[in-house]
Amino acid sequence: MTDIAHAIIELEKELPSNVKLVAVSKFHPAEAVMEAYRAGQRVFGESRPQELAAKAACLPDDIIWHFIGHLQTNKLKLVLPVASMVESVDSLHLLSAIEKWGNENGRTVDVLLEMHIASESTKQGFSGDEILSVAENAAAFGHVRIRGLMGMATYTDDEFIIRKDFAKLVALRDEIRENKDSYPGLPEDFGILSFGMTHDFRIAVEMGADIVRIGTLIFGERTY
Ligand SMILES: *Cc1c(COP(=O)(O)O)cnc(C)c1O
């Protein structure tokens, strides 16, 4: 068995059955994706439009692609035809462009809103207040289904900080759910939370993540 297959099987054993594993294959070749695929993995995450489009074109049709990187609106046409979900919607500008694409192409696009929860200012995402305001206006986006929230914690070994970051996502999701009437444009099943990566996914699972996005642990170090 390959290291990649082994990592997938071990993760499937470890993760609770209600937690979805997104295998983050960015910067790794299609052959690496196939090794994970043969071990049973079907959901993969990519962060660069060109790379996603190239892999989707040559890999099996039953792969479910999640886009997880910063997305520029001029790259939508590479991503939206193949991605089942854009987890990283980080601006109103992007959301509006996805809506326009959906309208023109007769599609409804599943998205998560990315919330800035880390202390690093370099990371992308909406503030909590911005997310509430987008959620209030969700009905204006008839070709987008806002399914939940995504976030990346501060890159640190300090578990206290990681928990504090993740807690912001959980609290905002709960607040929106508890005040459903204020957000009539959100889908009935709003509430998916995507958080947790290689170095913090165990904390994420413990704190109620629905999706974890794991790359390095499965595919090894990326060479940028
Ligand atoms: C790269 C990336 C991951 C995976 O990170 P690892 O530390 O390799 O597990 C998860 N989420 C996002 C948004 C990423 O860009």
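As the structure is a prediction and not an experimental result, all values here were calculated from the model.

Enquirer: Break down the overall build of the protein chain for me, citing the residues and quoting the values.
Expert: The helix and strand tally for the protein chain stands at 9 helices and 8 strands. The globule rule puts the C-alpha radius of gyration for 224 residues at 17 Å, and the 17 Å found for the protein chain is close to it. Expressed as a percentage of its 224 residues, the buried residues of the protein chain come to 50%. Of the roughly 10500 Å² of accessible surface on the protein chain, 50% is carried by carbon and sulfur atoms. Placing the 23 positive and 34 negative side-chain charges of the protein chain at their respective mean positions leaves the two points 4 Å apart.

Enquirer: Give a detailed account of the pairing of strand E3 (residues 64–67), specifying residues and quantitative values.
Expert: Sheet topology places strand E2 (residues 43–46) next to E3; 4 bridges connect them, and they run parallel. Along E3, the bridge assignment pairs Glu 46 with Phe 67. Here E3 pairs with strand E4 (residues 83–89) via 3 bridges, running parallel. Note that in E4 the partner of Trp 65 across the bridge is Ala 83.

Enquirer: Tell me about the environment of Gly 102, and name the residues and values.
Expert: Of note, Gly 102 is situated in helix H5 (residues 92–105). Accessibility expressed as a relative area gives 0% for Gly 102, which makes it buried. For the pair Gly 102 and Phe 141, spaced 39 residues apart in the sequence, the C-alpha separation amounts to 9.4 Å. Once you skip the residues sitting within four places of it in the chain, Gly 102 turns out to touch Arg 107 and His 143.

Enquirer: Hey, could you go over the environment of Met 1 for me, with residue numbers and the actual values?
Expert: Considering the arrangement of structural elements, one finds Met 1 in the segment before helix H1 (3–14). Taking C-alpha positions, Met 1 is 9.1 Å from Ala 39, a pair spaced 38 residues apart along the chain. In this structure, Met 1 is in contact with His 6 and Ile 9, ignoring residues within four places of it in sequence.

Enquirer: Hey, could you go over unusual backbone geometry for me, with residue numbers and the actual values?
Expert: Even without a glycine there, the phi angle at Phe 27 is positive, about 70°. Assignment of secondary structure puts Phe 27 in the loop between strand E1 (20–24) and helix H2 (30–38).

Enquirer: Give me the site of the ligand: which residues, what numbers.
Expert: Around the ligand sit Val 24, Lys 26, Ile 68, Met 150, Met 152, Met 197, Thr 198, Arg 213, Ile 214, Gly 215, Thr 216 and Arg 222, and that is every residue in its neighbourhood. A distance of 2.6 Å separates an oxygen atom of the ligand from a polar side-chain atom of Lys 26. Contacts to the ligand include Thr 198, whose side-chain N or O atom sits 2.5 Å from an oxygen atom.

Enquirer: Explain the pairing of strand E6 (residues 144–151) to me, using residue names and the numbers behind them.
Expert: Counting buried positions along E6 gives 7 out of 8 residues, so the element sits mostly inside the fold. Summarising the sheet, strand E5 (residues 109–115) and E6 pair through 7 bridges and their orientation is parallel. Residue pairing in the sheet places Leu 112 in a bridge with Gly 148 of E6. The parallel pair E5 and E6 is bridged by helix H6 (residues 128–136), and the resulting crossover is right-handed.

Enquirer: Provide a residue-level description of a negative patch on the surface, including the pertinent values.
Expert: Residues Asp 129, Glu 130, Glu 175 and Glu 178 make up a contiguous surface patch of negative charge. When contributions to the negative patch are tallied by element, the ones reaching two or more residues are H6 and helix H7 (159–178). Position of Asp 129 relative to the elements: it lies in helix H6. With a relative accessible area of 62%, Asp 129 lands in the exposed category.

Enquirer: Could you give an account of the pattern of salt bridges, naming the residues involved and the relevant values?
Expert: Applying the stated criterion across every chain yields a total of 17 salt bridges. The salt bridge involving Glu 104 is made with Lys 100; its shortest N-O contact spans 3.4 Å. With Glu 104 and Lys 100 both in helix H5 and 4 residues apart, the pair spans about one turn of that helix. Here Glu 104 and Lys 100 have matching classes, each one exposed. A salt bridge links Glu 159 to Arg 163; its shortest N-O distance comes to 2.9 Å.

Enquirer: Could you give an account of H5, with specific residues and numbers?
Expert: With 14 residues, H5 ought to run about 20 Å at 1.5 Å a step, and its terminal C-alpha atoms sit 20 Å apart, in line with that. Every buried residue of H5 is listed here: Leu 94, Leu 95, Ala 97, Ile 98, Glu 99, Trp 101 and Gly 102. Contacts from the buried residues of H5 go to helix H4 (76–79), E4, E5, H6 and E6.

Conventions used here
Residues numbered from 1 in each chain as written. Predicted model: local features only at pLDDT ≥ 70, side-chain atom pairs only at ≥ 80, totals over all residues. Heavy atoms only, no water. Helix = DSSP H or I, 4+ residues; strand = E, 2+ residues; numbered from the N terminus. Rg over C-alpha atoms; globule rule 2.2 N^0.38 Å. Buried < 20%, exposed > 50% of the residue type's maximum accessible area, 1.4 Å probe, protein only. Areas by Shrake-Rupley, 256 points an atom, 1.4 Å probe, with all protein chains shown as cover. Lys, Arg positive; Asp, Glu negative; His and termini not counted. Charge placed at Lys NZ, Arg CZ, Asp CG, Glu CD. Pairing = 2+ DSSP bridges. Contact = heavy atoms within 4.5 Å. Near = heavy atom within 4 Å. Polar contact = N/O pair within 3.5 Å; in protein donor to acceptor, adjacent residues only side chain to side chain. Right-handed = clockwise from strand over helix to strand, strands pointing away. Patch = residues over 30% accessible without salt bridge, like charges linked within 9 Å, V, L, I, M, F, W, Y side chains within 5 Å. Salt bridge = Lys/Arg side-chain N within 4 Å of Asp/Glu carboxyl O. Expected span 1.5 Å × (residues − 1).

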